[in-house]
Amino acid sequence: MKQYRKWSLASLFVCLFFLCGCDSTSMKDVAVSSPEILSFSPESGSIGSEIVVTGEYLDDVVSATIGGGKAVILQKVSNRRLSLKVTNQARSGKIVLVNSIGEGVSEGDFILEYPAPVVSQAGMPQKLKWAIICCFPVVP
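For the structure given in this document, a descriptive report is provided here. (Residues numbered from 1 in each chain as written. Predicted model: local features only at pLDDT ≥ 70, side-chain atom pairs only at ≥ 80, totals over all residues. Heavy atoms only, no water.)

1. Overview of the sheet that holds strand β3 (residues 50-56)
Right, on to step 1. Strand order in this open sheet of eight strands is β1-β3-β6-β5-β4-β7-β8-β2, and the pairing throughout is mixed. The two strands at the open ends of the sheet, each matched to only one other strand, are β1 (36-41) and β2 (44-45). (Pairing = 2+ DSSP bridges. Helix = DSSP H or I, 4+ residues; strand = E, 2+ residues; numbered from the N terminus.)

Take a look at the structure:
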């Protein structure tokens, strides 16, 4: 009878171990190298634009800059792809991605475009009034 209890108890523990063990456990890759930027697209854009960066070791990137100004990391799609948003702090220049190991710098520069103001006729008056002032000496 004692032997039966031992095996029943052992079987119960084994079943619980297999039922609860592996499903909730996941392994996260750890950064093994600094980020490598292979390309980015588009090569130019304005504030608020989204840039897609492709490369290696991009999953653990913690910060990004464009031309020395901060950029927002929108999505870490995979270890080889992420997207950035150009902020008002960004400038034309290199894209730099930083993780716990080091930083990766793009070969090419991102060109920040500034929108030119547009003048339309809607804000212009339709008729202009001209006042002509002549200064002639008055002869008596």
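Read on, since the account is not over.
2. A short note on the environment of S63
Right, on to step 1. Mapped onto the elements of the fold, S63 is located in strand β4 (residues 63-66).
Right, on to step 2. As for S63 and L97, which are separated by 34 residues in sequence, their C-alpha atoms are 6.0 Å apart.
Right, on to step 3. When sequence neighbours within four positions are dropped, the list of residues in contact with S63 reads I73, V96, L97 and V98. (Contact = heavy atoms within 4.5 Å.)

3. A few points about the nonpolar core
Right, on to step 1. Core analysis: the biggest nonpolar cluster contains 17 residues, and I51, V53, I66, L84, I95, L97 and F110 have the highest contact counts within it.
Right, on to step 2. Elements that contribute at least two residues to this core include exactly β1, β3, β4, β6 (81-85), β7 (93-98) and β8 (103-112).
Right, on to step 3. Every residue in contact with L97, bar those within four places of it in the chain, is listed here: P35, I37, V53, L58, V61, S63, A64, L82, L84, G102, E103 and G104. (Core = buried A, V, L, I, M, F, W, Y, C linked by side-chain atoms within 4.5 Å. Buried < 20%, exposed > 50% of the residue type's maximum accessible area, 1.4 Å probe, protein only.)

4. Examining the environment of D60
Right, on to step 1. One can find D60 in the loop between β3 and β4.
Right, on to step 2. Measuring from C-alpha to C-alpha, the distance between D60 and N79 comes to 7.8 Å, with 19 residues separating the pair along the chain.

5. Notes on the pairing of β4
Right, on to step 1. The two faces of β4 differ: A64 and I66 on one face are buried, but S63 and T65 on the other face are not.
Right, on to step 2. Pairing analysis gives four bridges linking β4 to β7, with the strands arranged antiparallel. Looking across to β7, one finds that I66 is bridged to I95.
Right, on to step 3. Examined bridge by bridge, β4 and strand β5 (residues 69-78) share three bridges and lie antiparallel to one another.

6. Observations regarding the side chain of N99
Right, on to step 1. By the secondary structure assignment, N99 is in the loop between β7 and β8.
Right, on to step 2. Engagement of the side chain of N99 in a polar contact is seen with the backbone oxygen of S33, the distance being 2.9 Å. (Polar contact = N/O pair within 3.5 Å; in protein donor to acceptor, adjacent residues only side chain to side chain.)

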